[in-house]
Amino acid sequence: MRLFLASYRFGGFAERLATLAGGKGRVAVIPNACDAWPAAWSSAVASDMEPLRRQGYSPEVLDLRDYVGQPAQLERRLREFSMVWVRGGNTFVLRAQFARSGADSVLPALLSEDAVAYAGYSAGACLLTPDLHGLETVDDPGEVLPATGTAPRWDGLGLVDRQLVVHLDSATDPDGESAKMLARYEEEGVPHWALTDDDVVVVDGERTEVLRGSSGNAASGPR
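Keep in mind the model is a prediction, meaning the values are calculated, not measured.

Further remarks concern the overall build of the protein chain. Helix and strand counts for the protein chain come out as 8 helices and 9 strands. Dimensions along the principal axes, computed over C-alpha positions, put the protein chain at roughly 45 × 40 × 30 Å. Scored against the burial criterion, the 223 residues of the protein chain give a buried share of 52%. Pairs at least 24 residues apart make up 76% of the contacts formed inside the protein chain by residues separated by at least 6 positions. In the form shown here, the protein chain has an accessible surface area of approximately 9100 Å², with 49% of it arising from carbon and sulfur atoms.

The structure is reproduced here in structure tokens:
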């Protein structure tokens, strides 16, 4: 299993991602964390496509809404890519769209057989944790029903064994909600990784690393 979990895009480790992915090939960009914001959806997609192109990848949008109830078709499509890129947005909306399309079973299976690498940031990273409780302070579960027609789910995919706190000390979090979440996890003894926007967690087979970027002063590392 190959996972690249970041707070924001590549963090400070773009070349490490290329190594993990086995080169800069075709990338399936999954933007469904933004499905509750239709007015911003296209610009959000564009904001990820261009950085990927600049890095030398060949990105293509894969909209999970096109595969609702069609997990076999989704699997066939995903096998065309060397990497999936799952962007940020609302983690609860993203979780719902993974469930509706069957991506929550298809992608773990592909990752288990090492058919594809997974790169996710913000919501795309938090999705892989065991449990989404705590994220309601930064992502609104109330956006799920209008965007997907389903109730929010509180289980993550469980592909990593602890929670993620992203955007720590970031300009994208002016109210310090990530720091509050970190304090809550520490008080409750919840295993977690805390990431600034320069930091990433890399899982490569049996090895897991937390890579700290130039401003990586997060309070919690691997345990």
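On to the pairing of strand E3 (residues 58–61). Summarising the sheet, strand E2 (residues 26–30) and E3 pair through 4 bridges and their orientation is parallel. Bridging across to E3, Ala 28 finds its partner in Glu 60. Regarding the hand of the β-α-β motif, the stretch spanning E2, helix H2 (residues 38–54) and E3 is right-handed.

So, about the sheet that holds strand E1 (residues 2–6). Spatial strand order, E3-E2-E4-E5-E1-E8-E9: 7 strands in an open sheet with mixed pairing. In the strand order of this sheet, the two ends are held by E3 and strand E9 (207–211), each with one partner. The mean inter-strand angle of the sheet, taken between neighbouring strand axes irrespective of direction, is 20°. In the sheet, E2 pairs with strand E4 (residues 83–86) via 4 bridges, with the strands oriented parallel. Pairing of Ile 30 across the sheet is with Val 86, part of E4.

Once that is clear, we can look at the packing of aromatic side chains. The final tally for this structure, using the stated rule, is 4 aromatic pairs. With a centroid separation of 5.0 Å and an interplanar angle of 45°, the aromatic rings of Phe 10 and Trp 85 are classed as tilted. Note that Phe 10 is positioned in the loop between E1 and helix H1 (14–21) and Trp 85 in strand E4, a separation of 75 residues in sequence. Note on accessibility: Phe 10 and Trp 85 belong to one class, buried. Ring-pair connections join several aromatic residues into one group, and the members of that group are Tyr 8, Phe 10, Trp 85 and Tyr 121.

As a further point, take the pattern of salt bridges. Summed over all chains, the structure comprises 23 salt bridges. For Arg 26, the salt bridge identified is with Glu 80, shortest N-O distance 3.6 Å. With a gap of 54 residues between them, Arg 26 in strand E2 and Glu 80 in the loop between helix H3 (71–78) and E4 connect regions that are remote in the sequence. Residue classification places Glu 80 among the partly exposed positions, given a relative accessible area of 37%. Among the ionic pairs, Glu 177 bridges to Lys 180, the shortest N-O distance being 3.3 Å. In this pair, Glu 177 and Lys 180 both sit in helix H8 (residues 177–188), 3 residues apart, roughly one turn of the helix. Here the residues in one salt-bridge network are Arg 26, Glu 60, Arg 77 and Glu 80, joined through shared partners.

Once that is clear, we can look at the side chain of Asp 173. Structurally, Asp 173 can be placed in the loop between strand E6 (163–165) and H8. No salt bridge is formed by the buried Asp 173. Its closest oppositely charged neighbour is Lys 180, at 7.7 Å. In this structure the side chain of Asp 173 is engaged in a polar contact, spanning 3.0 Å, whose partner is the backbone nitrogen of Glu 177. Within the structure, the side chain of Asp 173 is placed 2.8 Å from the backbone nitrogen of Ser 178, a separation counted as a polar contact. If sequence neighbours within four positions are ignored, Asp 173 has contacts with His 167, Ser 178 and Ala 179.

For Asp 199, the location among the structural elements is in the loop between strand E7 (192–194) and strand E8 (200–204). Polar contacts involving the side chain of Asp 199 include one to the main-chain amide nitrogen of Thr 196, which spans 3.0 Å. In this structure the side chain of Asp 199 is engaged in a polar contact, spanning 3.0 Å, whose partner is the side chain of Arg 212.

Further remarks concern unusual backbone geometry. For Asp 114, which is not glycine, the phi torsion reads 60° and is therefore positive. Its place among the elements puts Asp 114 in the loop between helix H5 (103–112) and strand E5 (117–121). Here Ser 122, not a glycine, exhibits a phi torsion of approximately 55°, which is positive. Assignment of secondary structure puts Ser 122 in the loop between E5 and helix H6 (123–126).

So, how was this worked out
- Residues numbered from 1 in each chain as written.
- Predicted model: local features only at pLDDT ≥ 70, side-chain atom pairs only at ≥ 80, totals over all residues.
- Heavy atoms only, no water.
- Helix = DSSP H or I, 4+ residues; strand = E, 2+ residues; numbered from the N terminus.
- Buried < 20%, exposed > 50% of the residue type's maximum accessible area, 1.4 Å probe, protein only.
- Contact = heavy atoms within 4.5 Å.
- Areas by Shrake-Rupley, 256 points an atom, 1.4 Å probe, with all protein chains shown as cover.
- Pairing = 2+ DSSP bridges.
- Right-handed = clockwise from strand over helix to strand, strands pointing away.
- Axes fitted to C-alpha atoms, helices over the stretch in contact; angles between N-to-C directions.
- Phe/Tyr/Trp six-rings, centres within 6.5 Å; stacked < 30°, edge-to-face > 60°.
- Salt bridge = Lys/Arg side-chain N within 4 Å of Asp/Glu carboxyl O.
- Lys, Arg positive; Asp, Glu negative; His and termini not counted.
- Polar contact = N/O pair within 3.5 Å; in protein donor to acceptor, adjacent residues only side chain to side chain.

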